[in-house]
Amino acid sequence: MRTWSSELLAVSMAGHDKGKTYLALPGEENYYLLCDGKTRTLENPKKKKEKHVQVIRHLPEELLGQMRTICSDADIRRILKEYKQLHSEE
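This report concerns the structure included in the present document.

A look at the sheet that holds strand 2 (residues 8-12)
Taken together, the five strands give an open sheet; going across it, the order is 5-4-3-2-6, and neighbouring strands pair in antiparallel fashion. At either margin of the open sheet sits one strand with a lone partner, and together these are strand 5 (46-49) and strand 6 (53-56). Across the sheet, the mean angle separating the axes of adjacent strands is 45° when strand polarity is ignored. Sheet topology note: the strand 2/strand 3 (residues 21-26) ladder contains four bridges and is antiparallel. Looking at the pairing, Ala10 lines up with Tyr22 of strand 3. The strands touched by helix 2 (residues 73-89) are strand 2, strand 3, strand 4 (31-35) and strand 6; relative to strand 3, the strand with the most contacts, the crossing angle is about 125°.

Thoughts on the pairing of strand 2
The element strand 2 is largely enclosed, with a buried count of four among its five residues. Across four bridges, strand 2 lies against strand 6 in antiparallel orientation. Within strand 6, the position partnered with Ser12 by the bridge is Val53.

As for the pairing of strand 3
The buried count for strand 3 comes to five of six residues, which makes it a mostly enclosed element. As defined by bridge partners, strand 3 adjoins strand 4 across four bridges and the pair is classed as antiparallel. Looking at strand 4, one finds that Leu23 is bridged to Cys35. Here strand 3 folds back onto strand 4, and the loop between the two strands holds four residues, one of which, Asn30, carries a positive phi near 70°.

What to know about helix 2
For an α-helix the count is 3.6 residues per turn, leaving residues at separations of three or four pointing the same way. If you check helix 2, its first and last C-alpha atoms are 25 Å apart, about what 17 residues at 1.5 Å a residue would give, namely 24 Å. Within helix 2, the full set of buried residues consists of Asp73, Asp75, Ile76, Ile79, Leu80 and Tyr83. End-on view of helix 2: buried residues confined to an arc of 155°, all on one side of the axis. Away from the buried face of helix 2 by more than 90 degrees, exposed residues Lys81, Ser88 and Glu89 are located. Buried residues along helix 2 sit in contact with strand 2, strand 3, strand 4, strand 6, helix 1 (61-67) and strand 7 (69-70).

Things to note about the environment of Pro60
Take Pro60: it is sitting in the loop between strand 6 and helix 1. Considered as a pair, Pro60 and Leu86 are 26 residues apart in the sequence and their alpha carbons are 8.8 Å apart.

A few points about the environment of Lys20
Residue position: Lys20 is located in the loop between strand 2 and strand 3. Given the relative accessible area of 31%, Lys20 is considered partly exposed. Linking Lys20 and Leu86, residues 66 residues apart in sequence, is a C-alpha distance of 16 Å. Not counting chain neighbours up to four residues away, the residues in contact with Lys20 comprise Ala10, Val11, Ser12, Asp36 and Thr39.

Conventions used here
Residues numbered from 1 in each chain as written. Predicted model: local features only at pLDDT ≥ 70, side-chain atom pairs only at ≥ 80, totals over all residues. Heavy atoms only, no water. Pairing = 2+ DSSP bridges. Helix = DSSP H or I, 4+ residues; strand = E, 2+ residues; numbered from the N terminus. Axes fitted to C-alpha atoms, helices over the stretch in contact; angles between N-to-C directions. Contact = heavy atoms within 4.5 Å. Buried < 20%, exposed > 50% of the residue type's maximum accessible area, 1.4 Å probe, protein only. Expected span 1.5 Å × (residues − 1). Arc of directions from axis to C-beta.

Nothing here speaks to function; it is geometry throughout.
What follows is the structure, encoded as structure tokens:
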């Protein structure tokens, strides 16, 4: 089981994946490691500069609780799906 101390959701602001939502994990300096659970898995995350990513700062508590222990790509897909459902209701 992987445990991430500062997991975030983020939207890509540049590149061919512009507008796509990812789970953003801390990476090297000035970079995030982006995962979507499908094409970008935990084993093969996309490395993207901080300036090309918009971090989603206000997340519902229910999602934050689920994000504290991410075990698999299925967990990532579920979190992103729930976020999109909540976001579309607003």
